[in-house]
Each structure stands twice: as C-alpha cells, then as structure tokens.
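Given next are the chains, with one letter for each unit.
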Amino acid sequence: MFYIISDIHGEYDLFIKLLKTINFTENDKMIICGDIIDKGPNSIKLLKYIENKSNMFFLLGNHEYEFLKYYSKVMSEVEDGFDSDEVLTKLNNYFPKEEVLLSWEDINFLEDAPFYYESSDYICVHAGVKLNENKEIIDLNKIDVNTFLYDRRTKEETFEIKNSKCVFYGHTPTSYICNEPKILAYCRSNITKPYSIKSFYKIHLDCGVYLNKVLGCFCIDTCKCIYVK
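Residues numbered from 1 in each chain as written. Predicted model: local features only at pLDDT ≥ 70, side-chain atom pairs only at ≥ 80, totals over all residues. Heavy atoms only, no water.

What about the pattern of salt bridges?
Consideration 1: A full pass over the atoms with the stated rule returns 12 salt bridges.
Consideration 2: As a salt-bridge pair, Glu86 and Lys90 come within 3.9 Å of each other at their nearest N and O atoms. Residue Glu86 and its partner Lys90 are both found in helix α4 (residues 84-92); the two are separated by 4 residues, about one turn of the helix.
Consideration 3: The partly exposed category is assigned to Glu86, whose relative accessible area is 42%.
Consideration 4: Salt-bridge contacts for Asp121 lead to Lys198; the nearest nitrogen and oxygen are separated by 4.0 Å. Here Asp121 is found in the loop between β4 (116-118) and β5 (122-125), whereas its partner Lys198 is found in the loop between β7 (184-187) and β8 (200-204), with 77 residues between them in sequence.
Consideration 5: Asp121 sits in the partly exposed class, given a relative accessible area of 25%. (Salt bridge = Lys/Arg side-chain N within 4 Å of Asp/Glu carboxyl O. Helix = DSSP H or I, 4+ residues; strand = E, 2+ residues; numbered from the N terminus. Buried < 20%, exposed > 50% of the residue type's maximum accessible area, 1.4 Å probe, protein only.)

Section: the pairing of strand β1 (residues 2-5)
Consideration 1: Residues Phe2 and Ile4 line one face of β1 and the alternating positions Tyr3 and Ile5 line the opposite face, and both faces are buried.
Consideration 2: As paired strands, β1 and strand β2 (residues 29-32) are joined by 4 bridges and run parallel to one another. Each bridged residue has a counterpart across the sheet, and for Phe2 the counterpart in β2 is Lys29.
Consideration 3: Taking the sense of rotation as the criterion, the β-α-β connection linking β1, helix α1 (residues 12-21) and β2 turns out right-handed.
Consideration 4: Pairing of β1 with strand β9 (residues 215-219) involves 2 bridges; the strand directions are antiparallel. Bridging across to β9, Tyr3 finds its partner in Cys219. (Pairing = 2+ DSSP bridges. Right-handed = clockwise from strand over helix to strand, strands pointing away.)

If you want it as structure tokens, here you go:
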C-alpha cells in the first residue's frame, strides 16, 4: 500500500501507533509532506526513525526550513577554529526539551530533502502550488520555495485545480476550515464512486495533531483516510 501524510510535529508515539494501525511493512511506501519537527515532544526521535526507513520519502516543510536557516546562521558565526561538537551543541539548543540529540547525519538528511514529489497522477508538497490563468498547475520547477513551504491559498475552497494532477498538501490544520480534525479530499466535478486518485484535484492532510492529538494519513490505493488519536 502507498500512504501520504503530513505535519506529524514530533508526535513519535502517535506516528508509530498509526503505522501499527495500517500494518505498515517494508512492502509499503509512505510520503511525508514536511513538518515532522517542532511542537511535539520527540522531533529528533521521529526524524531519525524516518531517515532510516528506505520506504519513507520525506519532503521539506517550513519548520525544517526554518531550522536549516538557523543552522546556516550558526555556521556563518563559526570562527576559523571549527568545532563540530560545539556547533552540534548549538544546534541541539534549537530543541531544548528533546531527550535524543541531533547528529550531523540528521542535518545532512534535512539538507538533502526535496520540496516536492511528483508521480504520474499526483503531486505532493508541504503547503501549496501555483496555477496559471486556466487554473492548471504551472511547471513545478518555476514555483518559488515560499509557495511550496508557506502558501495558504491552496487550502481555500475557491482554489480549484483544473486538468492537472491531484495535489497533496498540509501546513494548515483542517480544523480551521471545517472545525474537525480530518483530511479534506476535494472531488472533481461529475465524479461518482468508486473513487480513484484521479477523482480528486486536491487533498488537505494536516489534521492539526499538536492541537487535538489526531493524526491521519491517506491511502493512495484505496482512497481512504486512516486516523489515530
């Protein structure tokens, strides 16, 4: 099975519970649309778990991007006598309540993470995409980083995508839109069941786990949402 999720925000235990619920194995795959760090109690533990899973594909979110900017600032302040342990200590200060410490391998993993994933039927980003005058998604290579990481227009109900692939995104808790912590799937017009991924033009994944302790993922194969809390 193929799953997509976003905005886990350090909720390691809840994420493991979700994996057990869906019976996630080495034969399954998962795309994670950013924001695995901050807010929750186990950001680094969660990061290490995901980076060591070859069947999990991680995209950069705005929280990881902000950390990488902090990392760049620390590196710019390092004098000629570079001390890797000293730098790591400063970087770990970014996560003051974490029991697990950040390593250089973790930083490399974040630096290598892409901003989007594209298949023949869908696109995964953290926050959003841009459309042309025909409401079709423009070339992803021409979309700026701020759109991928911080966009808040894609979530609007009036943001309808025409004749393009389905877009998966998170970034903003869905409860701000529908007053419930659930995944929102927007169906194309004139579509009837049974659904396939081509039935939808966008799917909003962020259940706002840090607000309500509900975590959900979407299964590409079945077009069903699975939740734990």
